[in-house]
Number of protein chains: 4
Amino acid sequence: MKHVIFGESHGNAIGVVIENPVPGIELDWEFINSEMARRAPGRSSLSTSRKESDNVEILSGVYEGKTTGTPLCAVIRNENTRSEDYSKLMNTPRPSHGDFSGSIKYAGNQDPRGGGHFSGRLTAPLVFAGALAKLILKQRKINISASISKVGGIADPSEKDIENVITEARVNNDSVGGAVRCSITGMPAGLGSPDFGRNIEGIISQYMFAVPAVKAISFGAGFGFADMHGSEANDPFIIRDGKIVTETNHSGGINGGITNGMPVEFEVAFRPTPSIGKAQKTVDISEMKETEIEIVGRHDPCIVPRAVVVVEASAALAACEILGV
Amino acid sequence: MKHVIFGESHGNAIGVVIENPVPGIELDWEFINSEMARRAPGRSSLSTSRKESDNVEILSGVYEGKTTGTPLCAVIRNENTRSEDYSKLMNTPRPSHGDFSGSIKYAGNQDPRGGGHFSGRLTAPLVFAGALAKLILKQRKINISASISKVGGIADPSEKDIENVITEARVNNDSVGGAVRCSITGMPAGLGSPDFGRNIEGIISQYMFAVPAVKAISFGAGFGFADMHGSEANDPFIIRDGKIVTETNHSGGINGGITNGMPVEFEVAFRPTPSIGKAQKTVDISEMKETEIEIVGRHDPCIVPRAVVVVEASAALAACEILGV
Amino acid sequence: MKHVIFGESHGNAIGVVIENPVPGIELDWEFINSEMARRAPGRSSLSTSRKESDNVEILSGVYEGKTTGTPLCAVIRNENTRSEDYSKLMNTPRPSHGDFSGSIKYAGNQDPRGGGHFSGRLTAPLVFAGALAKLILKQRKINISASISKVGGIADPSEKDIENVITEARVNNDSVGGAVRCSITGMPAGLGSPDFGRNIEGIISQYMFAVPAVKAISFGAGFGFADMHGSEANDPFIIRDGKIVTETNHSGGINGGITNGMPVEFEVAFRPTPSIGKAQKTVDISEMKETEIEIVGRHDPCIVPRAVVVVEASAALAACEILGV
Amino acid sequence: MKHVIFGESHGNAIGVVIENPVPGIELDWEFINSEMARRAPGRSSLSTSRKESDNVEILSGVYEGKTTGTPLCAVIRNENTRSEDYSKLMNTPRPSHGDFSGSIKYAGNQDPRGGGHFSGRLTAPLVFAGALAKLILKQRKINISASISKVGGIADPSEKDIENVITEARVNNDSVGGAVRCSITGMPAGLGSPDFGRNIEGIISQYMFAVPAVKAISFGAGFGFADMHGSEANDPFIIRDGKIVTETNHSGGINGGITNGMPVEFEVAFRPTPSIGKAQKTVDISEMKETEIEIVGRHDPCIVPRAVVVVEASAALAACEILGV
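Since we're looking at a predicted model, the values are computed, not measured. (Residues numbered from 1 in each chain as written. Chains lettered and ligands numbered in written order. Predicted model: local features only at pLDDT ≥ 70, side-chain atom pairs only at ≥ 80, totals over all residues. Heavy atoms only, no water.)

Right, let's talk about the packing of aromatic side chains for a bit. To describe a pair of aromatic rings, you give the distance between the ring centres and the angle between the ring planes. Within the structure shown, the criterion is met by 26 aromatic pairs over all chains. Pairing F219 of chain A with F266 of chain A gives two aromatic rings, centres 5.8 Å apart and planes at 45°, and the pair type is tilted. Here F219 of chain A is found in strand 10 (residues 214–219), whereas its partner F266 of chain A is found in strand 15 (residues 264–270), with 47 residues between them in sequence. Residue F219 of chain A is classed as buried on the basis of its relative accessible area, which comes to 0%. Their ring planes at 90° and their centres at 5.3 Å tell us that F219 of chain C and F209 of chain D sit as a pair that is edge-to-face. Remark: F209 of chain D occurs in helix 5 (residues 200–209) and F219 of chain C occurs in strand 10 (residues 214–219); the pair is interchain, linking two chains. An identical accessibility class is assigned to F219 of chain C and F209 of chain D; each is buried. Among the aromatic residues, those joined into a cluster by ring pairs are F209 of chain A together with F219 and F266 of chain B. (Phe/Tyr/Trp six-rings, centres within 6.5 Å; stacked < 30°, edge-to-face > 60°. Helix = DSSP H or I, 4+ residues; strand = E, 2+ residues; numbered from the N terminus. Buried < 20%, exposed > 50% of the residue type's maximum accessible area, 1.4 Å probe, protein only.)

Printed below as a string of structure tokens:
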């Protein structure tokens, strides 16, 4: 199941084409909409005030409520766009945003309104695709769940911690980063390969780094392995309920690039939103001189709460690729 | 430039096919052999005592000392194999090794001698391929260098630290993990994409997770982003020597999945070698009962020192893919 | 430049996503619409009476009239659909149509209205993508042109021949096949490879067999080579205007899978439209008994005239892939 | 099951890496060697006098006589090379050979000895890979067989016809082309797709055009469709032995890019060997003046008899890809 995301934040529409979905999957719209709602902005004081209805329109690939197996195109129209917020940014690239690198790649032709194609808004069709993937995985008893593992330096934060950290960042015209951990349960053992391009860690990484702002990924004990001895790190094989499992899961369910039947566990780090209200140094490209920028407009001080479902969606798509469906 | 690694630790040979190398690259054997030597075992008391000559034979794709541009096959014959060390492991999978997951994937047909196809020995042809990639990159003024960032819990260790840590692990029949940081300088801005499958972080990850024992990767500040505010994390644009650069490089040279002209910087974590002499719990598969295993044979208590050049090799191959050569 | 076509004949819309177009290409709508018109039905008595406005809406990837370089989604809404024509076909697969093979692949979930995803109507977004590809190629002085080489058994037919053949087929509730030849001029020498997956003939074939009803392709002298001696077939090298060219072009511009600088020339055969009014034998699947079918509805007795621009579009997309743009 | 062919006609060795073969396939060497023998030169007066033992050495991916599932590398050492035959060809490209196009692609670095990487000799490892594919297909009751459909203009030639045509060509220092038809029986219905890159015709074409000298391919009635009416061309569905089949097979077992359960049938055309003894016009590149060339050395006047097994091998590899094994 391959997918292509398209769209710009303030263009006509954003969307996704899922090239070869499993046929016969019933689109459970209650579930899909609940997944979309988990990502939607404007739900609380913690996220951007932009309102989006995010109504998904199916253009193809669905007949009588079920996937046909032919390419499925889903689009979400853009509404409530305010392109005037961004007009003066064209010559002064926002630090750590895709403005500068993108202007070189696209030879200055990219859509500068909002984040354009770089916008976090493009995770909406990704969540749709992930919801479909979850419906496929559900039939195979595979479950995916993610949660916030860190926000603004606080590990395993409570709801109150998250609110405090984000409110403080907003008040200071700043933003904060965080991390999300994810678990895929029910994956059969024996999938993947030690070989380039086919190992489980590499496949999942491809999906995770396609999520805007993700800058790191670790499997199982991850960077913690650098502090461990083999005798601590190794996961002993034991028998439980007549099945061979491992006593611990430091390997994150993967040995030699291949699933071992334990939950596939990984964590991804999100950088703080680069768009902040504080004055920042940048360069006026047209005049080639240093200047300052203060970014106005609607921006999440922390995308991590909304990113949880995006990580799950990407994990679901990765799991489908790993399963070969 | 695509590549395929083949071989088993105790089979006839290991090797690599580089499918479509840049034509006309002179094979600088002094350089290639020095790269191979950086990875070779048996050089010091710190690594496995297995001696390998690692003589590379070119079967195709080279004419009069230069790459032809057609598929280049390089092979290294296996010598000094001791298959008897491993014979009883077949029914008792080594914890955290690919024995168990591999036996399911390959339906029990994998070569059980040594690590078989999972062996770290397969990094030898990878280093050869990386050396060729470095020769290509050198013409484009792109340089790659890696170093040990952590070993056995010690950050930025000295040579003495490394020796102590590894010696202690050997004495205890144990092993230790570590981490390697890598920098690619000279990459032009504007390469990559925010899109799935084409972003720089995703491409580099594919190459890194194909290195045995790598379990995590971070770009720039990586997991440190989870502790940062945007105002700290953002890299301000400034002008230096008439060029637009960033004052810091927390982004690791990548914004929006696209190179920004700064050094591409990342770090990878290596798990401790799973093969340790200490007794470990495992399962006798044929009898489906729990048992113990003590792994004998030649094993590195820490692969990190030898892995530095492997990370560089993989980074060089990734850089070639990113450049489209 | 990769593309994905989506849609069903009688669904909401058909369309295409062009994943990574060259940025900065101005969409010349006069040209694009003229290309769309070359394919559009209902223009003459020779083709299906279905009227389609085929208005292309751009959802993404275009800003201020130019490609941004990010994924471009173009959609065409379906109008004038008559799904009742097709309702009884579900259990009686139309001979030589995709009904039977598709029902197995898609486990009975495909959209049965019209040709569904198999419909020739999906060539409309293909022509749009091809028009964009031609605009890219034009900047590189590469030109593509195709023409009818055969229709209903008549080689190199005149307009009058074509009209007669098709009218006769319509009157008889039948259809006729034909062939289209295509030439790509201006392709630089040295592109392609003898290797699997990269040779010019293989790449062009992938694009041509994705056109519905194409069943054969030949390059240069094609099947005529089977009747020739090497001394006739070989293309002698000569010098013209200071350039090395070949005196003849039996090779169709390709030697060893690589362009030689001569026009890339090929011919494709189209099967007769399988949907004919005449009674045909088929099977009632639900009752597993043999029966007859008479297909009613709007069908071209010959798609070849409308297919010329589709072949050009596919050739343009293939040329972009070959050029690596 | 992906494969990569490597090697040059007069280099150290030729070979193939099969990246991810089905594990547990026993290498039936009697069968493999008989397949290799069908392709081997020097067996009769009809083919090149070059003797090759074509001993296959397995470097990896086989353990205790069976495929492990890890990359299998097989090499054939080159013997009996006569590089002096070819030395003066470097500046005078052989008409319709890959000399000229290749020298541009490879910037003059290709191996000029013999056909180098363009040599028909590289079909030897292809036949090995095909033999392995056939062993995999045999377990699935899929059978592949090809035969000469034309040689030197004679359709469905007898052994005597073939001998006469080829002998005449040799006597005249000339060569002749031909065609091979191939049938794959036992393929399940429902494989493939109408979509770009996944349709059966496109996949098989990729494999066939990777065979040196193939210049055309047709499925079922192929170019004959251009002379047919739909009422003749369509394959009526009927019931035989309780199964739905088609009465005729003009579609070559493929409808809408998807297998329909009937034999997959296609024909490929081979150009005459470009290397002929007769004097031919060419250009002296170093002096940029027109000249003549007389090719000496060992060349088949007709490769078609030896190509039959090569077509089968490529079809077997294609069938494995289509089956997803």
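Not every positive phi belongs to a glycine, and A213 of chain A is a case in point at roughly 85°. Assignment of secondary structure puts A213 of chain A in the loop between helix 5 (200–209) and strand 10. Look at A213 of chain A and you get partly exposed, because its relative accessible area is 22%. For M288 of chain D, which is not a glycine, the phi torsion comes out positive at approximately 45°. Relative to the elements of secondary structure, M288 of chain D occurs in the loop between strand 16 (280–284) and strand 17 (289–293). Looking at M288 of chain D, the relative accessible area reads 36%, which means it is partly exposed.

Attention shifts here to the interface of chain C and chain D. Counting residues at the interface gives 95 residues for chain C, matched by 95 residues for chain D. By the criterion of area lost to chain D, the three top residues of chain C are F196, K215 and F237 of chain C, representing 11% of everything that side buries. Our count for the contact surface shared by chain C and chain D stands at eight salt bridges. For E247 of chain C, the salt bridge is made with K281 of chain D, and the minimal N-O distance between the two is 2.8 Å. (Contact = heavy atoms within 4.5 Å. Buried area = accessible area lost by both parts, 1.4 Å probe. Salt bridge = Lys/Arg side-chain N within 4 Å of Asp/Glu carboxyl O.)

What follows concerns the pattern of salt bridges. Close approach of charged atoms allows side chains of opposite charge to pair. Residues and elements named next belong to chain D. For the structure on display, the rule yields 64 salt bridges over all chains. Between K134 and E35 there is a salt bridge; the shortest N-O distance is 2.6 Å. With a gap of 99 residues between them, K134 in helix 3 (residues 123–139) and E35 in helix 1 (residues 29–39) connect regions that are remote in the sequence. Per residue, the accessibility class of K134 equals that of E35, and both read buried.

To continue, consider the pairing of strand 3 (residues 56–60) of chain B. Two faces belong to every sheet, and in a regular strand the side chains alternate between them. Residues and elements named next belong to chain B. Among the five residues of strand 3, four are classified as buried, and the element is accordingly described as predominantly covered. Of the strand pairs in this sheet, strand 3 and strand 6 (residues 72–77) are connected by four bridges, and their pairing is antiparallel. For E57, the partnering residue across the bridge sits in strand 6 and is V75. (Pairing = 2+ DSSP bridges.)

Moving on, we get to the packing of helix 1 of chain D against helix 7 (residues 304–323) of chain D. Residue and element names in this part refer to chain D. Taken N-terminus to C-terminus, the directions of helix 1 and helix 7 make an angle of 135°; their axes are 7 Å apart at the nearest point. By the criterion of interaxial angle, the relationship of helix 1 to helix 7 is oblique. The residues of helix 7 that touch helix 1, namely those facing E35, R38 and R39, are R306, V308, V309, V310 and E312. Of the residues in the contact of helix 1 with helix 7, the class split is three nonpolar, no polar and five charged. (Axes fitted to C-alpha atoms, helices over the stretch in contact; angles between N-to-C directions. Parallel < 35°, antiparallel > 145°, perpendicular 65-115°, else oblique. Nonpolar A, V, L, I, M, F, W, Y, C, P; charged D, E, K, R; others polar.)

Mapped onto the fold, S218 of chain A is located in strand 10. Here S218 of chain A falls in the buried class, since its relative accessible area comes to 6%. Leaving out residues up to four positions away in the same chain, S218 of chain A has contacts with F223, E265, F266 and E267 of chain A together with K215, A216 and F223 of chain B.

Expressed as a screw operation, the relation of chain B to chain C combines 0.0 Å of axial shift with a rotation of 180°, fitting to an RMSD of 0.0 Å. Viewed as a symmetry operation, the transformation between the two copies matches a two-fold axis. For chain B, the residue whose C-alpha comes nearest the rotation axis is G324 of chain B, separated from it by 4.8 Å. Interface overlap between copies: 100% of the residues of chain B at the interface are likewise at the interface in chain C, consistent with a symmetric, same-surface contact. (Least-squares fit on C-alpha atoms with pLDDT ≥ 70 in both.)

Residue-level contacts link six residues of chain B with six residues of chain C. Across the interface of chain B and chain C, roughly 460 Å² is buried in total on both sides, 32% from carbon and sulfur atoms. Linking chain B with chain C are two salt bridges. The salt bridge partner of R198 of chain B is E19 of chain C, with a shortest N-O separation of 3.2 Å. In this structure, the connection of chain B to chain C is made through two residue pairs in polar contact (both at pLDDT 80 or more). The class makeup of the residues in the side of chain B that touches chain C is one nonpolar, one polar and four charged. (Polar contact = N/O pair within 3.5 Å; in protein donor to acceptor, adjacent residues only side chain to side chain.)

Mapping chain C onto chain D leaves a residual RMSD of 0.0 Å; the transformation is a rotation of 180° accompanied by 0.0 Å of translation along its axis. The share of interface residues of chain C whose copies in chain D are also at the interface is 100%, consistent with both copies meeting through the same surface.

For the rest of this paragraph, the subject is the environment of M1 of chain B. Residue and element names in this part refer to chain B. Position of M1 relative to the elements: it lies in the segment before strand 1 (3–7). The exposure class assigned to M1 is buried, which follows from its relative accessible area of 9%. Separated by 72 residues in sequence, M1 and C73 have C-alpha atoms that sit 13 Å apart.

Residues and elements named next belong to chain A. Ordered in space as 1-2-6-3, the four strands form an open sheet in which the pairing is antiparallel. Each edge of the open sheet is held by one strand with a lone partner, namely strand 1 (3–7) and strand 3 (56–58). Between one strand axis and the next, the sheet turns by 20° as a mean value, whatever way the strands run. Of the pairings in the sheet, the one linking strand 1 to strand 2 (residues 13–18) comprises five bridges and is antiparallel in character. Of the residues in strand 2, the one forming a bridge with I5 is V16. Helix 3 (residues 123–139) rests against strand 1, strand 2, strand 3 and strand 6 (72–77) of the sheet, and its axis sits at about 30° to strand 2.

A word on the packing of helix 1 (residues 29–39) of chain B against helix 3 (residues 123–139) of chain B. Residues and elements named next belong to chain B. Contact geometry for helix 1 and helix 3: axes closest at 9 Å, N-to-C directions at 140°. As far as their axial angle goes, helix 3 and helix 1 are oblique. Seen along the crossing, helix 1 lies across helix 3 with a hand that is right-handed. The segment helix 1 lies against helix 3, with W29, F31, I32, E35, M36, R38 and R39 engaging T123, A124, V127, F128, A131, K134 and L135. (Left-handed = near helix turned anticlockwise from the far one by under 90°.)

Attention now goes to the pairing of strand 2 (residues 13–18) of chain C. Residues and elements named next belong to chain C. Of all six residues in strand 2, six are buried; the element is thus mostly enclosed. Side chains A13, G15 and V17 of strand 2 all project onto a buried face; the interleaved residues I14, V16 and I18 project onto the opposite face, where all are buried too. Between strand 1 (residues 3–7) and the antiparallel strand that follows it, strand 2, lie five residues. Relative to strand 6 (residues 72–77), strand 2 runs antiparallel, the two being bridged by six bridges. Within strand 6, the residue paired with I18 across the bridge is L72.

Residue and element names in this part refer to chain B. You can see T248 is positioned in the loop between strand 12 (243–246) and strand 13 (254–255). Distance in space between the C-alpha atoms of T248 and L323 is 24 Å, their sequence separation being 75 residues. If we skip the residues at most four places from it in the chain, T248 touches N234, D235, P236 and M262.

What follows covers the state of the cysteines. Under the counting rule described, the total for this entry stands at zero disulfides over all chains. Summary of cysteine pairing: C73 of chain A is not part of a disulfide, and the nearest cysteine sulfur, belonging to C73 of chain C, is at 4.8 Å. C302 of chain D carries a free sulfur, and the closest cysteine sulfur to it, the one in C182 of chain D, is 17 Å from it. Note on C302 of chain D: relative accessible area 3%, which makes it buried. (Disulfide = S-S within 2.5 Å.)

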